[in-house]
Amino acid sequence: MPTPIKRTVFFVSDGTGLTVEALGHSLMTQFEDVEFKQIRIPFLDNVEKAQDAVVRINAQGEADGMRPIVFTTLVNPDLSGIVHQADAFCLSYFDSFLAPLEAELGRKSNHTVGRSHGSADSSDYKKRIESINYTLAHDDGITDRDLEEADVILVAVSRCGKTPTSLYLAMQFGLKAANFPLIPEDFDRGRLPGTLEKHRAKLFGLTIQPERLAQIREERRAGSKYASLANCRFEVAEAEKMMRREGIRWLDSSSKSIEEISTTILQELKLR
């Protein structure tokens, strides 16, 4: 196996930088033997900021002894040109994809900063806010009211990733996501918590490797029975047994990102 290396990566954008960061991450995950130090430079919208970014990138390269990698989504060609003068390996989202698309369509693009975000209409924004509020109100089994409004209901033992996955589904896709913990009392009763049986079609389960679960719980409650490997093995085994018995679709979240988990949920439950 190759010796791990370290590289600094800059995400440079004239907006928030979230789009270019997502693009960069999708590529970086393909290199497991590289440790990336990540730096975001958002709202780069004038010449002075572009020049400052070049200075910062070059300084980092000198400190590392190796040129940085730079991902950009700069629409303004002048600003993009300045950043590309840095002593770095630069990858431009628009140069790589927009120019070929213009050629294919036979049309020039608008080259408008932030257009991808501004295109969302107010109804979509309102739906996302409503979904986030619903998800927060139905986190970790706080209530089983209004579950008929839920698009998906996640079930799992504590610390499997229910809450972050639920919030991602709400924020990214505008889905109302409730989640419920599976606890020893549920295993003793041999039944799903609350009124979940009536909403079986919306249920999706998460599980996790007991060793990973114990590690996560140990960070929260060190030395407790809750975090012990024996207890984690028991809870995971009982939860998986319950999900099999109840016919609940589920996946192992041990080594999957929130994005991967959410995409699987969308496919399995046929959500849009």
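Worth saying up front: this structure is predicted, and the values here are computed from it rather than measured.

Enquirer: Would you mind going over the packing of aromatic side chains with me for this structure?
Expert: Geometry of an aromatic ring pair is reported as the spacing of the ring centres plus the angle between the planes. Counting across every chain of the model gives five aromatic pairs. When the centroid spacing of 5.2 Å and the interplanar angle of 45° are considered together, the rings of Tyr93 and Phe97 count as tilted. Of this pair, Tyr93 and Phe97 both sit in helix H4 (residues 93–105), four residues apart, which is roughly one turn of that helix. Accessibility expressed as a relative area gives 31% for Tyr93, which makes it partly exposed. Centroid distance Tyr168 to Phe173: 6.0 Å. Interplanar angle 75°. Geometry classified as edge-to-face. Residue Phe173 is classed as partly exposed on the basis of its relative accessible area, which comes to 31%. Three or more aromatic residues link up through ring pairs in this structure, and these residues are Tyr93, Phe94 and Phe97. Over the aromatic face of Tyr226 sits the side chain of Arg217, whose NZ or CZ is 4.2 Å from the ring centroid. The cationic tip of Arg221 hangs over the ring face of Tyr226; the distance from NZ or CZ to the ring centre is 4.4 Å.

Enquirer: Explain the sheet that holds strand S7 (residues 203–207) to me, please; I cannot follow it from the model alone.
Expert: Each strand in a sheet pairs with another by means of backbone hydrogen bonds, the pair being arranged parallel or else antiparallel. Taken in spatial order, the four strands of this open sheet run S6-S5-S7-S8, and their pairing is parallel. Each having just a single partner strand, strand S6 (177–181) and strand S8 (250–252) make up the two edges of the open sheet. Averaged over all neighbouring strand pairs, the angle between strand axes comes to 25°, with direction disregarded. In this structure, strand S5 (residues 152–156) lies alongside S7, joined through three bridges in parallel fashion. For Leu154, the partnering residue across the bridge sits in S7 and is Phe204.

Conventions we followed
Residues numbered from 1 in each chain as written. Predicted model: local features only at pLDDT ≥ 70, side-chain atom pairs only at ≥ 80, totals over all residues. Heavy atoms only, no water. Phe/Tyr/Trp six-rings, centres within 6.5 Å; stacked < 30°, edge-to-face > 60°. Helix = DSSP H or I, 4+ residues; strand = E, 2+ residues; numbered from the N terminus. Buried < 20%, exposed > 50% of the residue type's maximum accessible area, 1.4 Å probe, protein only. Lys NZ or Arg CZ within 6 Å of the ring centre and 35° of its normal. Pairing = 2+ DSSP bridges. Axes fitted to C-alpha atoms, helices over the stretch in contact; angles between N-to-C directions.

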